[in-house]
Amino acid sequence: DTGVSQNPRHKITKRGQNVTFRCDPISEHNRLYWYRQTLGQGPEFLTYFQNEAQLEKSRLLSDRFSAERPKGSFSTLEIQRTEQGDSAMYLCASKAKGTGGAGELFFGEGSRLTVL
Amino acid sequence: GENVEQHPSTLSVQEGDSAVIKCTYSDSASNYFPWYKQELGKGPQLIIDIRSNVGEKKDQRIAVTLNKTAKHFSLHITETQPEDSAVYFCAASISGGSYIPTFGRGTSLIVHP
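Now for a look at the structure at hand. (Residues numbered from 1 in each chain as written. Chains lettered and ligands numbered in written order. Predicted model: local features only at pLDDT ≥ 70, side-chain atom pairs only at ≥ 80, totals over all residues. Heavy atoms only, no water.)

### A closer look at the overall build of chain A
Inference 1: Looking only at helices and strands, chain A features 0 helices and 11 strands.
Inference 2: Listed N to C, the secondary structure of chain A is β-β-β-β-β-β-β-β-β-β-β in terms of helices and strands.
Inference 3: For chain A, whose C-alpha radius of gyration is 14 Å, the value lies close to the compact-globule estimate of 13 Å for 116 residues.
Inference 4: Principal-axis analysis of the C-alpha atoms gives chain A an extent of 40 × 25 × 25 Å.
Inference 5: Here chain A, with 116 residues, has 46% of them falling under the buried criterion.
Inference 6: In chain A, 53% of the contacts between residues at least 6 apart in sequence involve partners at least 24 apart.
Inference 7: When the accessible surface of chain A is summed, it comes to about 6000 Å², and 44% of that surface belongs to carbon and sulfur atoms.
Inference 8: Charge centroids of chain A, computed over 16 positive and 13 negative side chains, lie 4 Å from each other. (Helix = DSSP H or I, 4+ residues; strand = E, 2+ residues; numbered from the N terminus. Rg over C-alpha atoms; globule rule 2.2 N^0.38 Å. Buried < 20%, exposed > 50% of the residue type's maximum accessible area, 1.4 Å probe, protein only. Contact = heavy atoms within 4.5 Å. Areas by Shrake-Rupley, 256 points an atom, 1.4 Å probe, with all protein chains shown as cover. Lys, Arg positive; Asp, Glu negative; His and termini not counted. Charge placed at Lys NZ, Arg CZ, Asp CG, Glu CD.)

### Description of the packing of aromatic side chains
Inference 1: The final tally for this structure, using the stated rule, is 17 aromatic pairs over all chains.
Inference 2: Among the aromatic residues, those joined into a ring-pair cluster are Y33(A), Y35(A), F45(A), Y48(A), F107(A), Y36(B), F89(B) and F103(B).
Inference 3: Above the face of the F74(A) ring, R22(A) is positioned so that its terminal group lies 3.9 Å from the ring centre. (Phe/Tyr/Trp six-rings, centres within 6.5 Å; stacked < 30°, edge-to-face > 60°. Lys NZ or Arg CZ within 6 Å of the ring centre and 35° of its normal.)

### Structural notes on the sheet that holds strand 3 (residues 19-24) of chain A
Residues and elements named next belong to chain A.
Inference 1: The 4 strands lie next to each other as 1-3-8-7, forming an open sheet whose pairing is antiparallel. Both outer strands of the open sheet, strand 1 (5-7) and strand 7 (65-68), are each paired with one neighbouring strand and no more. The mean inter-strand angle of the sheet, taken between neighbouring strand axes irrespective of direction, is 15°.
Inference 2: Relative to strand 8 (residues 75-79), strand 3 is paired through 5 bridges, and the arrangement is antiparallel. Of the residues in strand 8, the one forming a bridge with R22 is T76. (Pairing = 2+ DSSP bridges. Axes fitted to C-alpha atoms, helices over the stretch in contact; angles between N-to-C directions.)

### Focus on the interface of chain B and chain A
Inference 1: At the junction of the two partners, chain B supplies 21 residues and chain A supplies 24 residues.
Inference 2: Regarding the contact of chain B and chain A, the summed buried area is about 1700 Å², with carbon and sulfur atoms giving 51% of it.
Inference 3: The largest per-residue losses of area from chain B upon contact with chain A belong to Y99(B), I100(B) and R105(B), which jointly make up 30% of the total buried on that side.
Inference 4: Counting every contact that joins chain B to chain A gives 0 salt bridges.
Inference 5: Elements represented by at least two residues in the side of chain B that touches chain A include exactly strand 4 (32-38) and strand 5 (45-51) of chain B.
Inference 6: For the side of chain B that touches chain A, the leading source of residues is strand 4 of chain B, giving 3 residues.
Inference 7: Tallied by class, residues from the side of chain B that touches chain A come to 10 nonpolar, 8 polar and 3 charged. (Buried area = accessible area lost by both parts, 1.4 Å probe. Salt bridge = Lys/Arg side-chain N within 4 Å of Asp/Glu carboxyl O. Nonpolar A, V, L, I, M, F, W, Y, C, P; charged D, E, K, R; others polar.)

### Here's the deal with the pattern of salt bridges
Inference 1: What the rule picks out here adds up to 8 salt bridges over all chains.
Inference 2: For R9(A), the salt bridge identified is with E109(A), shortest N-O distance 2.7 Å. Linking R9(A) in the loop between strand 1 and strand 2 (10-13) with E109(A) in the loop between strand 10 (106-107) and strand 11 (111-115), this pair joins segments that are 100 residues apart in sequence.
Inference 3: Residue E109(A) is classed as partly exposed on the basis of its relative accessible area, which comes to 36%.
Inference 4: Close ionic contact of K42(B) with E39(B) constitutes a salt bridge, the shortest N to O distance being 3.9 Å.
Inference 5: Looking at K42(B), the relative accessible area reads 43%, which means it is partly exposed.
Inference 6: Here the salt bridges share partners, and the residues they tie into one network are R64(A), E83(A) and D86(A).

### Details of the sheet that holds strand 3 (residues 19-25) of chain B
Residue and element names in this part refer to chain B.
Inference 1: What the 5 strands build is an open sheet, ordered 1-3-8-7-6; its pairing is antiparallel. A strand with exactly one partner marks an edge of an open sheet, and here the two such strands are strand 1 (4-7) and strand 6 (56-59). Here the strands of the sheet are splayed against their neighbours by 15° on average, with no regard to which way each runs.
Inference 2: Relative to strand 8 (residues 72-77), strand 7 (residues 62-67) runs antiparallel, the two sharing 6 bridges.

So yeah, pure geometry; function would need other evidence.
This is how it looks when you write it as structure tokens:
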């Protein structure tokens with residue numbers, strides 16, 4: 001399968017613990033996005049990378065959140081000191097370069113976080 | 001920033017009927033409008049998109065229309081089938097530079113056999 005891969009698919013943790021999600025984008029896609037989706041809502045933008053550079057972060061991305069994309073390949077999203085409000089589906093998407101500045105985001109199946 | 005409103009939140013139709021989902025956007029600079037379909041347990045998948053230099057685009061049973069003046073765009077699905085049942089999201093964005101689609105809240109389409 002050459003699609004976007006996210007791990008783990010589901011994480012249950014206790015409040016105050018740290019969690020890390022990994023995203024492996026489609027090979028050679030230069031842009032990688034993280035979105036958050038809660039029940040009954042559309043995906044909300046968190047941050048995106050072009051190659052290894054993190055170019056923009058949403059106000060939703062508090063200091064407890066950090067994302068990295070070393071070497072411009074896979075990315076990790078870490079949430080420190082989790083809170084119940086962090087419970088959501090975390091979606092990763094990648095985008096190919098050369099699509100006229102727009103184009104399709106290829107989403108993974110998401111990592112669902114449940115904070116008890 | 002951009003704000004995208006989507007209606008209805010739920011749409012129930014009989015197989016063979018047509019379905020229409022409507023979205024409005026706030027930023028007049030937005031010029032690219034994709035539609036995504038999300039099936040249970042999966043990530044959203046692009047089904048059709050439209051750029052602001054055209055008013056309508058069609059792909060088999062689905063079509064999108066865009067009214068730039070009213071900042072309004074719609075998804076039309078004809079001859080609905082049970083496999084069309086899913087959550088549909090509209091999005092708006094400015095192409096080029098920081099391309100960051102803003103999504104609507106989604107419409108849950110239920111097609112009854």
